[in-house]
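These are the residues of each chain, in order.
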Amino acid sequence: MEESELFRKKREKIESLRASGVELYPNDVKVTHRMDEMQKNYGHLDHDALAGVEEHFSVAGRIMAIRDFGKGAFIVLQDRKGKLQAFIRKDRVGEKGFSLFKSLDVGDIAFVAGRIFKTKTGELTIEAATLRLLAKAMRFLPEKWHGLTDVEARYRQRHLDLVMNPRVREVFQTRSRIIQLIRQFMQERDFLEVETPMMQPIAGGALARPFKTHHNALDMDLYLRIAPELYLKRLIVGGLERVYEINRNFRNEGISTLHNPEFTMMEFYMAYATYEDLMVLTEELLTFIVRTLFGSLKVTYQGTELDFTPPWPRMTVRDALTRIGNIDPGILGDRGGLHKVAGGMGLLFEEHQPLGKILMGIFDEKVEGRIIQPTFITHYPIEVSPLSRRNVEDPSLADRFELFIYGREIANAFSELNDPADQRQRFIKQLQEREAGDEEAHEMDEDYIQALEYAMPPAAGEGIGVDRLVMLLTDSPSIRDVILFPQMRKKEEDKEKTEER
RNA sequence: GGGCCGUUAGCUCAGUUCGGUAGAGCAGCGGACUUUUAAUCCGUUGGUCAGGAGUUCAAAUCUCCUACGGCCCA
């Protein structure tokens, strides 16, 4: 690619700097303080109080601004947690230090050591006794005032987004905190964190299209997992009783503000528990996270207040369809009526499709988006729940719930099906649907059935969509805002490069 | 998959209505300035107008195709 004049000049400037003996990328300084702790510990002191602080401070960070006055200047340094202004005076850093300063640019990484003081305008400032260049930037940062706003550039060059937008750094710090709180909560309840295969010979545990790959040495097709479920339940068979995993799932489907092909799921299984126990546990987990983060159970998401105060409403799929979706209860068991209603919404179902599937299609259309406050929806049709335990009173229903918040599915849980004979029948049903053209239907997994034949204790399990949870708790409108490197199409020039190879 | 909108300097954006020599701010470069806060002041460089084709005496602007992105719908 043709280099613009701007970059050419910059490169020449830096080469002459290198030729003059300035080390461009040294790594021999010790940083003693962080910007945010300095602001916190000394920001409130006045000029005279700071004059009594004898301590020397060593800080480093990216130069975000330079305000030059000839024989003195202010530079703004940014580290991972904050910013601090440094004052460079010719009569303090000396001739050599000052000429180094004159070569510095916005975007460079610099080191400053010295004492602190307050300026006339009341800003905490470190006065440089020592100034070092730590890493020279070859490229220009985006504009200081507007920053980087182009969403495509923000996702493709997340490093720049992170440099320029403090809010983005906060989102990912909060994401890390949320995951840490999940681990703390699960550990306190004696759950064991485990890792199960990401590459599986059969992509099971959910109804979705997988990514396919191939192992050369074994000459064997493998799938990136769509869920860890069947492996985690093998661990329940093995007697671990309480396990969880926080890891990526991969689904070969569309991309939207709610879907990324790889996304993070917290999935856990608990022996001797039912889906009803998990509703309580879910309330406890989320309220623990929300309360720790906000000190309150009320969170504003995109201008809407979400109230996490338990207990959260519980409603069956059937009731939700009639009360929230305004579907005539008389047609819920009537195939003809359901087809008509679904058709009216532009949903086309073939004749052989099970009733439960049509029901859930209507649910997705008419109900899901309208559930704003945290709500458990229970009693799912058995046909769309091939791994769930059957309800004792009504065998057409599963002992299952999903948690919805702000119109989105956040969690999915059920009492586990541990009867191997029933599990085999369910897989056979799924196979029939697959043969009828449903690519998302579950595959037969003999190995898993064999594991169940050794007896799995009664158990319940749940998956929580971590990205979507982080969206809610960071007020992020798109899943791409909470995934550091969301999936993007290749740019044209990259495609050409690939073809050249 | 469909609809709408967008892509102009390193960044943020005008310019497209109604075709007539490509603009601003920041950044950069040169200069002044030792307590500034988007520092200020003087001067100044920088463009494959996403890519391609077409219409036209003339296209950033009109038409078509392609790529990428955003929002909405499926």
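Computed from a predicted model, the values in this text were never measured in an experiment. (Residues numbered from 1 in each chain as written. Chains lettered and ligands numbered in written order. Predicted model: local features only at pLDDT ≥ 70, side-chain atom pairs only at ≥ 80, totals over all residues. Heavy atoms only, no water.)

Peer 1: I'd like a description of the pattern of salt bridges, backed by residues and values.
Peer 2: Following the criterion strictly, the structure yields 37 salt bridges and no others. A salt bridge links glutamate 5 to lysine 9, with the shortest nitrogen-to-oxygen separation between them at 3.6 Å. Of this pair, glutamate 5 and lysine 9 both sit in helix 1 (residues 5–19), 4 residues apart, which is roughly one turn of the helix. Residues arginine 189 and glutamate 284 are paired through a salt bridge, measuring 3.7 Å at the closest nitrogen-oxygen approach. Remark: glutamate 284 occurs in helix 9 (residues 275–294) and arginine 189 occurs in the loop between helix 7 (166–188) and strand 6 (192–193); sequence separation between them is 95 residues. According to the relative accessible area criterion, glutamate 284 is partly exposed, its value standing at 36%. Linked by salt bridges that have partners in common, Lys10, Lys13, Asp105, Asp108 and Lys136 make up one network. (Salt bridge = Lys/Arg side-chain N within 4 Å of Asp/Glu carboxyl O. Helix = DSSP H or I, 4+ residues; strand = E, 2+ residues; numbered from the N terminus. Buried < 20%, exposed > 50% of the residue type's maximum accessible area, 1.4 Å probe, protein only.)

Peer 1: A description of the protein's contact with RNA strand B should follow, citing residues and the corresponding values.
Peer 2: Not every one of the 45 residues close to RNA strand B is listed here, only the nearest: Arg67, Gln85, Lys120, Thr121 and Glu152. The sugar-phosphate share of atoms of RNA strand B within 4 Å of the protein amounts to 59%. Arginine 156 places a polar side-chain atom, nitrogen or oxygen, 2.9 Å from a sugar or linking oxygen of RNA strand B. In this structure, arginine 489 approaches RNA strand B through a main-chain N or O atom, which is 2.8 Å from a phosphate oxygen. Taken together, the elements giving at least two residues each to the surface near RNA strand B come down to helix 1, strand 1 (57–68), strand 2 (72–78), strand 3 (83–89), helix 5 (151–156) and helix 16 (492–500). In terms of residue count, helix 1 provides more of the surface near RNA strand B than any other element does, 5 residues in total. Tallied by class, residues from the surface near RNA strand B come to 13 nonpolar, 11 polar and 21 charged. (Near = heavy atom within 4 Å. Polar contact = N/O pair within 3.5 Å; in protein donor to acceptor, adjacent residues only side chain to side chain. Nonpolar A, V, L, I, M, F, W, Y, C, P; charged D, E, K, R; others polar.)

Peer 1: Account for the pairing of strand 10 (residues 242–250), naming residues and giving values.
Peer 2: Taken across its 9 residues, strand 10 has 7 buried, putting it largely inside the fold. For strand 6 and strand 10, the ladder comprises 2 bridges, and the chain directions are parallel. Bridge pairing in strand 10 places glutamate 193 opposite tyrosine 244. Bridge count for strand 10 against strand 11 (residues 262–271) is 9 bridges, and the pairing is antiparallel. In the strand pairing of strand 11, arginine 242 is matched with methionine 270. (Pairing = 2+ DSSP bridges.)

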